[in-house]
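# What the coordinates show
Spelled out from the first residue to the last, the chains are:
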Amino acid sequence: MKNRLAAIEAFVSVVEAGSFAGAAEHAAISTSSLSRQVADLEKHLGARLIQRTTRRLSLTETGQTFYERCVHLLAELADAEAAAAHATRMPRGVLKLTCSAVLADDWLGPAMARCAARYPALGFDVTVTERIVDLVEDGFDLALRIGSVGSEQLVARRIGSLELVACAAPAYLERVGRPREPADLGGHNALIYAHAAQPRNWTFVDARGASTEVRVEGCALANSGALLVAAAAAGLGIAYEPEPFVRAALASGRLERVLIGWRGPQLPVWAVYPSRRHLSAKVRLFVDEIAAQFDAQRGPPSEDRSVAASSAAAAKGV
């Protein structure tokens, strides 16, 4: 049959979308066209791949086996294309990526500027959000995430780490007192980040490397670290945020570190991409740029690794 690859891609897209309508909308083609491609593929193979009903669709046994092999085939093809593109060192097109505000402010902007200057055919479509998005469903090439990878069937490269810092405004500390050890936080107003793995459980490490976890309470819960830092600087309470979020306020004296002699945990920072797509040239080069930036500021990044995150680990994103 002609356009066998297009038909295979159509079949895989229907399976991953869970419906012909969803796959057609994502591909910006008509449902009838997509349905015809899959029907032609089934005719070519002489086998039914998808059982269709008015309410749902499901894979036949043959369809399931064929889908798994097609995913592998498309991954190999994407990898071959990425290798060819990478060899030219001339990435082009739009890189669609997402990350949290703390990474966007400190690392993403400078890396974009350097890549754009080096590769003028490369553009960016960036979504800054604290929400962990579905990379495949939302069509993202890349995500930068703090804490955990956030989903199953993703590939991730650890590119650095960020330390959590507990701090408060001098006026607040003068009024309420300075905590000397984690247990003292029970008498303070904690400003709590909603997307932490355990928002009200804060962990600290002493000089010997011993870890202590304390339960905190406070009047403010938010999904924005920047908001909590601003509230802390205004005297509302103690914030516990990644160091880049509080760096400027600490340098200006609007915030002070608390719990001197104790440190927050190091949160890993990941570059995450869908496993089926592998790394295109534009993703590979941009991740290298971000990793080099962390390398210069935070120490060398770890090696690449594949990640199959459990549903429990998915809740740990910061």
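Residues numbered from 1 in each chain as written. Predicted model: local features only at pLDDT ≥ 70, side-chain atom pairs only at ≥ 80, totals over all residues. Heavy atoms only, no water.

## Side note on unusual backbone geometry
- Phi is positive for Ala28, which is not a glycine, with a value near 60°.
- Among the structural elements, Ala28 can be located in the loop between α2 (20-27) and α3 (31-45).
- The exposure class of Ala28 is exposed, given its relative accessible area of 67%.
- For Leu259, which is not glycine, the phi dihedral falls at a positive 60°.
- Its place among the elements puts Leu259 in the loop between β12 (256-257) and β13 (266-274). (Helix = DSSP H or I, 4+ residues; strand = E, 2+ residues; numbered from the N terminus. Buried < 20%, exposed > 50% of the residue type's maximum accessible area, 1.4 Å probe, protein only.)

## Concerning α2
- Turning to α2, its buried residues number three or more, namely Phe20, Ala23 and Ala24. The buried residues of α2 occupy one face: seen down the axis, they fall within an arc of 100°. Structural note: α2 exposes Glu25 and His26 on the side pointing more than 90 degrees away from its buried face.
- Considering only its buried residues, α2 is in contact with α1 (4-17), α3, β1 (50-52) and β2 (57-59).
- The backbone nitrogen of Gly22 has a side-chain oxygen 2.9 Å away, supplied by the residue at the start of α2, namely Ser19.
- The first or second residue beyond α2 is Ala28, which carries a positive phi of 60°. (Arc of directions from axis to C-beta. Contact = heavy atoms within 4.5 Å. Polar contact = N/O pair within 3.5 Å; in protein donor to acceptor, adjacent residues only side chain to side chain.)

## Remarks on empty space enclosed by the protein
- A complete count under the given rule lists 2 cavities of 30 Å³ or more for this structure.
- Volume-wise, the largest cavity comes out at about 110 Å³.
- What lines the largest cavity is a set of 12 residues, and nearest its centre among them are Thr129, Arg131, Ile132, Leu144 and Arg145.
- Breaking the lining of the largest cavity down by element, the ones donating at least two residues are β3 (93-99) and β5 (142-146). (1 Å grid on protein atoms, 1.4 Å probe; cavity = no way out; pocket = protein on both sides within 12 Å on 5 of 7 lines; lining within 4 Å. Points joined across faces, edges and corners; volume = space filled by probe spheres on them.)

## Re the packing of aromatic side chains
- Counted according to the given criterion, the structure contains 5 aromatic pairs.
- Taking the centre distance of 5.6 Å and the plane angle of 40° together, the rings of Phe11 and Phe66 count as tilted. With Phe11 in helix α1 and Phe66 in helix α4 (residues 61-88), this pair connects stretches of sequence that are 55 residues apart. Accessibility assignment for this pair places Phe11 and Phe66 in one class, buried.
- Taken together, the ring pairs connect Phe11, Phe66 and Tyr67 into an aromatic cluster. (Phe/Tyr/Trp six-rings, centres within 6.5 Å; stacked < 30°, edge-to-face > 60°.)

Purely geometric stuff here, so don't read any function into it on its own.
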